[in-house]
Every structure is written in C-alpha cells, then in structure tokens.
Amino acid sequence: NAGVTQTPKFRILKIGQSMTLQCTQDMNHNYMYWYRQDPGMGLKLIYYSVGAGITDKGEVPNGYNVSRSTTEDFPLRLELAAPSQTSVYFCASSYTAGTTGYNEQFFGPGTRLTVL
Amino acid sequence: SQKIEQNSEALNIQEGKTATLTCNYTNYSPAYLQWYRQDPGRGPVFLLLIRENEKEKRKERLKVTFDTTLKQSLFHITASQPADSATYLCALGGSGATNKLIFGTGTLLAVQP
C-alpha cells in the first residue's frame, strides 16, 4: 500500500494563479481531510469529506474548494492564489469511526506551496 | 473559542531520561485525544489515542495520561533516545462521527546523546 500520496511536492505560484493539489489514498478510507500548516501555528483544517460526494468546510475554508467524486481522490483547488496561502498542505484519511470509537488519521507527505 | 496549548519552547533532555510533554486545552470537552509525531519535512504520524473515560494508555516506551478535570494530557517517553527527537503534536477530537481533530502547535523534543 502506498498510503496517502500527494502531488506536487513543491510549487511556486504567482498571485492570482490557480492550481489543484492532488491527494489519493489506497486504504479504502471513507474520511479524508485537508490541512494547512504554517510555522508555529499547528495544523488547521481546511475541508473534509466523509465519503464520495460529501464535503464540508473546516476552520479555514476561504480561498479553497474541494470535490470528492471517488473514495480514493480528494483534490484541493486554489483559485486566485494569494500570499496568505503560502503554507505546507497536508492531506489525511481515516477509517469510519463506526461503533468502535475513534480512529487515527494517516497523513500524506505534504505539498509546500509558495505564492509570490 | 477552543484553545490548545503545548510547550512552545523546545524540550532538551539527555538520552536515557524520561521526556514529559504537556497539552492543555480550554473551552472544549473532547471525547478523545491523540498524539502524533512529526519529523522535519514529513507528515504527522499517529502514536497514541486515549478516550475521555480512560486515565492512562501505554505503548512500549510511550505513556499518555488524560485528566478531563484539569483539561490536560501528559505524554511521556521513557528511556529516551536521540531517534525520539521530533515535534510532537496533540490533537483533540469531538464526539461527532467525522473524526475531525483540532491540533496543538506542537513541542520540539531534542534528545542529546
């Protein structure tokens, strides 16, 4: 199993450009998440999905969009990139909580994005 | 609003000693708490989960405690090794069925040989 994979690893954007960060998991997890991590600020939840076709906003959704057409893929779209979106972006997935309780999240290696 | 505090200062200890990391929270009643390890340039990796009705959890050299009255979790690494050097993140989860987590800012642990 590759786990959670993210592409690209690094990207530099100019202000106003758009791009899509790709995330794929091969563990058949229903739940997927997008976070951003700024220096000294911890991980902030951008969007999450509990299954194909279902997405919802997290703590910091402004400037981003997501879609979930398959169980495996959860792309994050940046429209009109701004310097404030310079950050490291992590995708994660987890099993359904179900009746047994709560589950760990599995993280991808991250995408380092710079907006100039 | 919900707030999670971890030691912002790096924790430096000697090899073989026990490292103790602190996670305090306010304005939140988590159903569970998780600890993750993050190495530079990599994504976080899950270590331990403890539920609100559990006082302590152990896994090999790791131990986590959870005090819902004090609103605090302590994370211990016994017989620490230089390979334990990393940033450790605590994360709180609610009772909803989404597994959403709120992360602290992390504590950098440096184990000196």
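Each remark here, short or long, concerns the structure printed above.
This section reports on the structure supplied with the text. (Residues numbered from 1 in each chain as written. Chains lettered and ligands numbered in written order. Predicted model: local features only at pLDDT ≥ 70, side-chain atom pairs only at ≥ 80, totals over all residues. Heavy atoms only, no water.)

### A few points about the pattern of salt bridges
Residue and element names in this part refer to chain A.
- Applying the stated rule across the entire model yields eight salt bridges over all chains.
- The salt bridge partner of D38 is R36, with a shortest N-O separation of 3.1 Å. The two residues D38 and R36 agree in class, both being buried.
- Among the salt bridges present, the one from R77 reaches E79, with a minimum N-O distance of 3.1 Å.
- On the basis of relative accessible area, E79 is assigned to the partly exposed category, the value being 36%. (Salt bridge = Lys/Arg side-chain N within 4 Å of Asp/Glu carboxyl O. Buried < 20%, exposed > 50% of the residue type's maximum accessible area, 1.4 Å probe, protein only.)

### Let's talk about the nonpolar core
- Counting 23 residues, the largest nonpolar core has W35(B), F75(B), I77(B), Y88(B) and L109(B) as the members making the most contacts within it.
- Put simply, the parts of the chain that give this core at least two residues each are β3 (19–26), β4 (32–38), β5 (45–51), β7 (62–67), β8 (72–77), β9 (86–93) and β11 (107–112) of chain B. (Core = buried A, V, L, I, M, F, W, Y, C linked by side-chain atoms within 4.5 Å. Helix = DSSP H or I, 4+ residues; strand = E, 2+ residues; numbered from the N terminus.)

### Looking at the side chain of R36(A)
Residue and element names in this part refer to chain A.
- If you trace the backbone, R36 turns up in strand β4 (residues 31–38).
- Among the residues examined, R36 registers a relative accessible area of 11% and is labelled buried.
- Reaching out from R36, the side chain makes a polar contact with the side chain of Y64 at a distance of 2.9 Å.
- If we ignore the near neighbours within four places in the chain, the residues touching R36 are G42, L43, K44, I46, V60, Y64, S84, Q85, T86, S87, V88 and Y89. (Polar contact = N/O pair within 3.5 Å; in protein donor to acceptor, adjacent residues only side chain to side chain. Contact = heavy atoms within 4.5 Å.)

### A short note on the interface of chain B and chain A
- The interface is formed by 24 residues belonging to chain B together with 24 residues belonging to chain A.
- For the pair chain B and chain A, the two sides together bury roughly 1800 Å², of which 55% comes from carbon and sulfur.
- Per-residue buried area on chain B facing chain A is highest for N99(B), K100(B) and F103(B); these three make up 29% of the total on that side.
- For the pair chain B and chain A, the number of links is zero salt bridges.
- Seen at the junction of chain B and chain A, the total is seven residue pairs in polar contact (both at pLDDT 80 or more). (Buried area = accessible area lost by both parts, 1.4 Å probe.)

### A short note on the state of the cysteines
- With the rule as written, the count across this model stands at two disulfides over all chains.
- Between the sulfur of C23(A) and that of C91(A) lies a disulfide, 1.8 Å long from S to S. The disulfide joining C23(A) to C91(A) has a torsion of about -70° about its S-S bond and is therefore left-handed. Of this pair, C23(A) sits in strand β3 (residues 19–25) while C91(A) is found in strand β9 (residues 87–94), placing the two residues 68 residues apart along the sequence. You'll find C23(A) and C91(A) in the same group, each marked buried.
- Paired by a disulfide, C23(B) and C90(B) hold their sulfur atoms 2.0 Å apart. Its S-S torsion of about 55° marks the bond between C23(B) and C90(B) as right-handed, since a negative value means left-handed. Of this pair, C23(B) sits in strand β3 while C90(B) sits in strand β9, and the two are 67 residues apart along the sequence. Pair check on accessibility: C23(B) and C90(B) agree, each one buried. (Disulfide = S-S within 2.5 Å.)

The values are spatial; any link to function lies outside them.
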